[in-house]
Amino acid sequence: MSSSFTKSTARNIFYGGSVFFFLLFLGLTFDTMNTLPKRDNSANLTESAIRGKKIWETRNCIGCHTLLGEGAYFAPELGNVYKRRGPEFIKAWMAAQPTGAPGRRQMPQFNLNEKEMNDLVEFLKYSSEINTNNWPPNIEG
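Since the structure is predicted, the reported quantities are computational estimates derived from the model, not experimental observations.

Quick word on the pattern of salt bridges
For the coordinates displayed, the defined rule picks out six salt bridges. Salt-bridge contacts for K115 lead to D119; the nearest nitrogen and oxygen are separated by 3.6 Å. Taken as a pair, K115 and D119 lie in helix α5 (residues 114–128) at a separation of four residues, close to a single helical turn. Taking relative accessible area as the criterion, D119 reaches 5% and is therefore assigned buried. Where E129 meets K125, a salt bridge forms, and the shortest distance between an N and an O atom there is 3.3 Å. For E129, a relative accessible area of 34% translates into the label partly exposed. A single network of salt bridges, built from pairs that share partners, joins R51, K115 and D119.

Definitions and limits used
Residues numbered from 1 in each chain as written. Predicted model: local features only at pLDDT ≥ 70, side-chain atom pairs only at ≥ 80, totals over all residues. Heavy atoms only, no water. Salt bridge = Lys/Arg side-chain N within 4 Å of Asp/Glu carboxyl O. Helix = DSSP H or I, 4+ residues; strand = E, 2+ residues; numbered from the N terminus. Buried < 20%, exposed > 50% of the residue type's maximum accessible area, 1.4 Å probe, protein only.

Below, the structure is given as structure tokens:
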């Protein structure tokens, strides 16, 4: 067996495999770069949604919640909360926190004004319209 597997054969397998996987990587990168613009929902990005994202970041919402699968798993997924509950429910829920229910995890009160609340809801609306290829698989996140 050792006489049929020479250094030259090993080198050819290495270089051939390297070229193959490099070309595969380039092909997948090209496909991703062509697919993402069709799915990112950037056409619907408004100034209000941008301000809402800033609120999302400065209040560290991702420290407890997930958004499109990214973040902590302490609190519910919010990537589709706009579709599940609607804007009025989101505003009412945020205003009612913390609920004080014993034995439950409590969301802090962020004391957002009406404009900040609307911006955050607009960001959640924008997030819910991103084509996530049916993620999360469960509507409840």
